[in-house]
Structures are given as C-alpha cells and as structure tokens.
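Commentary on secondary and tertiary structure
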Amino acid sequence: MTKLEKNFKEIESIAGSVDVINDSISFWEKRMNKCFDKCEEIKNSEWHPDFEKKRDSLRKEMIFVLTKIRAENEHLDLLDLKIEELYKAILES
C-alpha cells in the first residue's frame, strides 16, 4: 500500500470517528433540551419545598452535559486538524 493510499485510508477512518462524535453530540444536545424543559417545569414550581434541591440538581446536570459537549467538540477539532494534515500531505506528494 502506498503512502497516498494510507493517507486516504486514514482520512476514511477519521471520517467514521467524526460520524460517531456527531452522533454523540446529538445525544448530548437532546439531553440538554430535556434539561431546558425541566427548567420550565421547575420555574413554575418555585413555591415547592424541594425547589432549590431540584434547581441545584438540574444545574449540575446542565454543567455535566455542557462539559461532555465541549469535550466532543474539542475532539472534533483535533480530528479536523489531522484531516487537514493528511490532505496537505496528499497534495504535497
């Protein structure tokens, strides 16, 4: 297998990883949307004795989800850089 073929094969592999990460981001976005829905529910029950507990729990959940989305986006950025390097190597060969 030539270097050029290896580069294209690696790009193909990375593209598969990008698809998996995009699916993961979609999952986390859906989970965040559920958090937004819960925010509306909690907002309407400020009178409830467990309001602060529910609010704090939801805040922690949202921070967790945002951390996951941020990590996935950072991973995507790294993969994009790797693809750029591979295309550059292809063009220079």
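Here's what I pulled together on the structure shown here. (Residues numbered from 1 in each chain as written. Predicted model: local features only at pLDDT ≥ 70, side-chain atom pairs only at ≥ 80, totals over all residues. Heavy atoms only, no water.)

**Observations concerning the packing of aromatic side chains**
- For the structure on display, the rule yields two aromatic pairs.
- Measuring from ring centre to ring centre gives 5.6 Å for Trp28 and Phe64, while their planes differ by 80°; the resulting arrangement is edge-to-face. Of this pair, Trp28 sits in helix H1 (residues 3-43) while Phe64 sits in helix H2 (residues 51-92), and the two are 36 residues apart along the sequence.
- The partly exposed category is assigned to Phe64, whose relative accessible area is 37%.
- Ring pairs connect the aromatic residues Phe27, Trp28 and Phe64, which therefore count as one cluster. (Phe/Tyr/Trp six-rings, centres within 6.5 Å; stacked < 30°, edge-to-face > 60°. Helix = DSSP H or I, 4+ residues; strand = E, 2+ residues; numbered from the N terminus. Buried < 20%, exposed > 50% of the residue type's maximum accessible area, 1.4 Å probe, protein only.)

**Let's talk about the packing of H1 against H2**
- H2 packs onto H1 with a crossing angle of 165° between their chain directions and a minimal axis gap of 9 Å. Judged by the inter-axis angle, H1 sits roughly antiparallel to H2. Considering how the two elements wind past one another, H1 and H2 form a crossing that is left-handed.
- Among the residues forming the contact of H1 with H2, the class breakdown is 27 nonpolar, six polar and 10 charged. (Axes fitted to C-alpha atoms, helices over the stretch in contact; angles between N-to-C directions. Parallel < 35°, antiparallel > 145°, perpendicular 65-115°, else oblique. Left-handed = near helix turned anticlockwise from the far one by under 90°. Nonpolar A, V, L, I, M, F, W, Y, C, P; charged D, E, K, R; others polar.)

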